[in-house]
Amino acid sequence: MKKQTKGLIVYLIVGALTGGMLFWAFGELTEVIFTSRKSFVWDEIILKKVQAIYFPGILPLMKGITFLGSIGFYMMLVPVISYFFYLKRRYDSLTAFLGSFIGASVLNYVLKLHYLRLRPTLYFKISESGYSFPSGHAMISMAVYGMFFYLLAKNNFPLPKILLLILGIGFPLLIGFSRIYLGVHWPTDVLGGFIAGLFWLIVTIIITEILFWKKR
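Residues numbered from 1 in each chain as written. Predicted model: local features only at pLDDT ≥ 70, side-chain atom pairs only at ≥ 80, totals over all residues. Heavy atoms only, no water.

1. Overview of the nonpolar core
- By size, the foremost hydrophobic cluster in this structure holds 37 residues, and its most contacted members are Tyr 74, Phe 97 and Met 147.
- Elements with a contribution of two residues or more to this core: α2 (38-51), α3 (58-67), α4 (71-87), α5 (91-115), α6 (136-154), α7 (161-181) and α8 (187-212).
- Ranked by residues supplied to this core, first place goes to α6 with 11 residues.
- If near-sequence neighbours (up to four positions away) are discounted, Met 147 is found in contact with Ala 96, Phe 97, Ser 100, Met 142, Leu 201, Thr 204 and Ile 205.
- Of all hydrophobic cores here, the second largest spans 11 residues; its members include Leu 22, Ile 33, Leu 111 and Ile 202. (Core = buried A, V, L, I, M, F, W, Y, C linked by side-chain atoms within 4.5 Å. Buried < 20%, exposed > 50% of the residue type's maximum accessible area, 1.4 Å probe, protein only. Helix = DSSP H or I, 4+ residues; strand = E, 2+ residues; numbered from the N terminus. Contact = heavy atoms within 4.5 Å.)

Here it is as structure tokens:
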């Protein structure tokens, strides 16, 4: 029990420090975006560079990747994964996974209504609506895919942990990139989404560890 308690304390300290740094980084980013016009210059330069990338089939590929971060896809993915954890009686994993998805979705909605940033409509390759900052695809994918692969590693899924880490980071990065390529987000929207999503991922992990540590 003492070893478990010590491990939990270390978990909380590292998580709190990392979460604090991410919170600070998000605040700094929003200050640059909404108080300085320089951010728009870099946003436009990066967006144009990304959209200049071309090879046969890139547009449908980007549309397919962006679908992996859509609410429509999550409505299929989340129930399946949740049911899997339920069958395995991993209620801690079930709570963490649902918390990552629901919490990130609600937080993203609140942040978008707070910042009210418009999308880069001149660069649209697909139609999109709603506000732009932070990117919902980037934020929710970071929280959901990050949590999913974290839980696989924690539950000793038979794949190398380094591979699970790469997948947990790789999926959100690809989804975020697709949003920039499709012209529906400024690059700083995606960056803000990654920071906020990672922050919520850490918060969810910490809360779940506190709730379930005595039952282990």
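After that view of the structure, there is still more to cover.
2. Details of the packing of α6 against α8
- Contact geometry for α6 and α8: axes closest at 7 Å, N-to-C directions at 40°. In terms of their interaxial angle, α6 and α8 are classed as oblique. The interaxial crossing formed by α6 with α8 has right-handed handedness. Contact residues: α6 offers Ala 138, Met 139, Met 142, Ala 143, Gly 146, Met 147, Tyr 150 and Lys 154, while α8 offers Val 190, Gly 193, Phe 194, Ala 196, Gly 197, Leu 198, Trp 200, Leu 201, Thr 204, Ile 205 and Glu 209.
- In terms of residue class, the contact of α6 with α8 is built from 13 nonpolar, four polar and two charged. (Axes fitted to C-alpha atoms, helices over the stretch in contact; angles between N-to-C directions. Parallel < 35°, antiparallel > 145°, perpendicular 65-115°, else oblique. Left-handed = near helix turned anticlockwise from the far one by under 90°. Nonpolar A, V, L, I, M, F, W, Y, C, P; charged D, E, K, R; others polar.)

3. Considering the packing of aromatic side chains
- If you walk through the whole model with that rule in mind, you get 18 aromatic pairs.
- In textbook terms, an aromatic cluster arises when at least three aromatic residues are bridged by ring pairs, as seen for Tyr 74, Phe 84, Phe 85, Phe 97, Phe 101, Tyr 145, Phe 148, Phe 149 and Phe 171.
- Sitting above the plane of the Tyr 181 ring, Lys 125 keeps its charged end 5.2 Å from the centroid. (Phe/Tyr/Trp six-rings, centres within 6.5 Å; stacked < 30°, edge-to-face > 60°. Lys NZ or Arg CZ within 6 Å of the ring centre and 35° of its normal.)

4. Focus: the pattern of salt bridges
- Enumeration over the complete set of coordinates arrives at four salt bridges.
- As a salt-bridge pair, Arg 90 and Asp 92 come within 3.2 Å of each other at their nearest N and O atoms.
- Here Arg 90 falls in the partly exposed class, since its relative accessible area comes to 31%.
- For Arg 179, the salt bridge goes to Glu 128, with nearest N and O atoms at 2.7 Å. Remark: Glu 128 occurs in the loop between α5 and α6 and Arg 179 occurs in helix α7; sequence separation between them is 51 residues.
- On the basis of relative accessible area, Glu 128 is assigned to the partly exposed category, the value being 29%.
- Here the salt bridges share partners, and the residues they tie into one network are Asp 43, Arg 117 and Asp 189. (Salt bridge = Lys/Arg side-chain N within 4 Å of Asp/Glu carboxyl O.)

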